[in-house]
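Topology and contacts: notes
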Amino acid sequence: MCQLLLSTGGATLLNSGANLTWEAGTVLITGFPAGVLACNCYVLAPRAGADAIVVDPGQRATGPLRRILDEHRLTPSAVLLTHGHIDHMWSAQKVADFYGCPVFIHPEDRAMLTDPIKGFGQGLFAGLGRLALSAVFREPRQVVELDRDGDKIELGGVTVAVDHTPGHTEGSVVFRVDGELRSGPDTVVFTGDTLFRQSVGRTDLPGGSGRDLLTSIVTKLLVLDDDTLVLPGHGERTTIGAERRTNPFLEGLTL
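Residues numbered from 1 in each chain as written. Predicted model: local features only at pLDDT ≥ 70, side-chain atom pairs only at ≥ 80, totals over all residues. Heavy atoms only, no water.

Remarks on the overall build of the chain
Quick reminder of the rule: Counting from the N terminus, the helices are the DSSP runs of H or I reaching at least four residues and the strands are the DSSP runs of E reaching at least two. Classification of residues uses two cut-offs on accessible area relative to the type maximum, computed with a 1.4 Å probe and protein chains only: under 20% is buried, over 50% is exposed, and between them is partly exposed. Contacts are assigned to residue pairs with any non-hydrogen atoms lying within 4.5 Å of each other.
Looking only at helices and strands, the chain features 6 helices and 17 strands. In the chain, buried positions account for 54% of the 255 residues. Here the analysis covers contacts within the chain between residues at least 6 apart in sequence; of these, 59% occur between residues at least 24 apart.

Structure follows, in structure tokens:
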């Protein structure tokens, strides 16, 4: 990913490695790819020195995450999970329990917090390997289920809308922040593995459904304005307009 610095005075695009940092007015969004599967972990805060929201802290996320939090004097108030796959929730329990904050996850994916291989089927890991991996994971001390589609939750001084987007997993959600930024797009959406730059999430794993995925994208994402910033679970950022025009998986899709 590139690095993006945005302030009320304008935008500058910097090709400076893997980190993405967004400052708009008093709002900070920063992120980095974590682990061998390069899952994007994001941090959202209204300003330096405030409470923060952590989205999808994956494998080996704790070190880079702590540096970001220390640099901006942030304290996590919540960990949000777009879905339960292991590359997105690997460090969720460690981060949440260390900082004493809850983990938010859809109930359909909650079982993956303690059985991370559940989302990949019985054939991928078996026997002692499966048992060893499962033994490493336990539920965070505080878990909040995202069981109502369209809910808005107040976290760290920021309002986050939760849209249920089944298809990649049964409990996949996207997190939408509207009207919090003083410049740039009116809406930012964290799409997890539902929508990527010129691609969509895979649907061949347990709980996946191609029909549900495309329905979710059409009804929850393509209804957003073209300048909506999309921060996906893997790869580079994009916009709804760019995906509407160029994503080959979305060609011909309408409400």
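Brief notes about empty space enclosed by the protein
To locate leftover empty space, one rolls a probe as large as a water molecule over the atoms. Cut-off, in case you're wondering: The way it works is a 1 Å grid over only the protein atoms, where trapped points that fit a 1.4 Å probe form a cavity and open points with protein on both sides within 12 Å along at least five of seven lines form a pocket, and then any residue with an atom within 4 Å of a point lines it. Grid points are joined across faces, edges and corners, and a volume is the space filled by probe spheres set on the points. Charged means Asp, Glu, Lys or Arg here, nonpolar means Ala, Val, Leu, Ile, Met, Phe, Trp, Tyr, Cys or Pro, and polar covers whatever is left, Gly included.
Applying the stated criterion across every chain yields a total of 1 cavity of 30 Å³ or more. Estimated volume of the largest cavity: approximately 40 Å³. Broken down by class, the residue content of the lining of the largest cavity amounts to 6 nonpolar, 1 polar and 1 charged.

A look at the packing of aromatic side chains
So the rule is basically this: Two rings from Phe, Tyr or Trp (for Trp, the six-membered ring) form a pair when their centres are within 6.5 Å of each other. A pair whose planes differ by under 30 degrees is stacked, one over 60 is edge-to-face, and the rest are tilted. Here, a charge over a ring is recorded when the distance from Lys NZ or Arg CZ to the ring centre is within 6 Å and its angle to the ring normal is within 35 degrees.
Enumeration over the complete set of coordinates arrives at 3 aromatic pairs. Between the aromatic rings of Y42 and F190, the centroid separation amounts to 5.3 Å while the plane-to-plane angle is 65°, which identifies the pairing as edge-to-face. Here the residue Y42 occupies a position in strand β5 (residues 39-45), and F190 occupies one in strand β13 (residues 187-192), the gap between them amounting to 148 residues. Since its relative accessible area comes to 2%, F190 is described here as buried. Ring geometry for F98 and Y99: centres 4.9 Å apart, planes at 85°, overall edge-to-face. Exposure remark for F98: the relative accessible area of 53% places this residue in the exposed category. Over the ring of F98 we find R66; its NZ or CZ atom is 4.7 Å from the centre of that ring.

A short note on the pattern of salt bridges
One side chain can pair with another of opposite charge once the charged atoms of both are near each other. To be explicit about the condition: When a carboxyl oxygen of Asp or Glu lies within 4 Å of a side-chain nitrogen of Lys or Arg, that pair is called a salt bridge.
Applying the stated rule across the entire model yields 10 salt bridges. Of the charged contacts, one joins E145 and R110 as a salt bridge, the two residues approaching to 3.0 Å between their closest N and O atoms. With E145 in strand β9 (residues 143-145) and R110 in the loop between β8 (103-105) and α4 (127-136), this pair connects stretches of sequence that are 35 residues apart. The exposure class assigned to E145 is partly exposed, which follows from its relative accessible area of 34%. A relative accessible area of 24% means that R110 is categorised as partly exposed. Between D204 and R202 there is a salt bridge whose closest N-O contact spans 2.7 Å.

Regarding the confidence of the model for the chain
Operational definition: A score between 0 and 100, pLDDT records how confident the predictor is in each residue.
In the predicted model, the chain carries a mean pLDDT of 85, and 80% of its residues have values of at least 70. Scored below 50 in pLDDT, residues 1-18 shows 48 contacts in the model against residues more than four places distant or in partner chains.

Some remarks on the sheet that holds strand β10 (residues 152-155)
Just so we agree on the cut-off: Strands are labelled as partners when DSSP assigns at least two bridges between them.
With mixed pairing, 6 strands are arranged side by side in an open sheet as β10-β11-β12-β13-β16-β17. Of all the strands in the sheet, just β10 and β17 (238-239) have a single pairing partner and so form its edges. Examined bridge by bridge, strand β11 (residues 158-164) and strand β12 (residues 173-178) share 4 bridges and lie antiparallel to one another. Within β12, the residue paired with A161 across the bridge is R176.

As for the nonpolar core
In plain terms, the rule: Buried residues of nine kinds, namely Ala, Val, Leu, Ile, Met, Phe, Trp, Tyr and Cys, make up a nonpolar core once their side-chain atoms join them within 4.5 Å.
Residues F32, V43, L65, L74, V79 and L81 are the most contacted members of the largest nonpolar core, which totals 26 residues. Secondary-structure elements contributing two or more residues to this core are β4 (27-34), β5, β6 (51-55), α1 (62-72), α2 (86-89), α3 (92-99) and β8. The next biggest cluster of nonpolar side chains, apart from the first, holds 22 residues, and it includes A78, L80, L146 and V158.

Brief notes about α3
Side chains three or four residues apart in an α-helix point the same way, a direct result of the helix having 3.6 residues per turn. Restricting attention to buried positions, one finds in α3 the residues A92, Q93, V95, A96 and D97. As for α3, its buried residues are in contact with α1, β7 (75-80), α2 and β8. Taken from the residues just after α3, G100 is the one with a positive phi, measuring 70°.

A few points about the pairing of β12
Along β12, 5 of the 6 residues are buried, which leaves the element largely enclosed by surrounding structure. Two strands pair when backbone bridges link them, and β12 and β13 are joined in this way by 4 bridges, in the antiparallel orientation. Residue pairing across strands places R176 opposite V189, the latter belonging to β13.

Points about the state of the cysteines
Quick note on the threshold: Two cysteine sulfurs form what is called a disulfide whenever their separation falls within 2.5 Å.
All chains considered together, the criterion is met by 0 disulfides. Cysteine C39 remains unbridged, with the sulfur of C41 as its closest cysteine sulfur at 7.3 Å.

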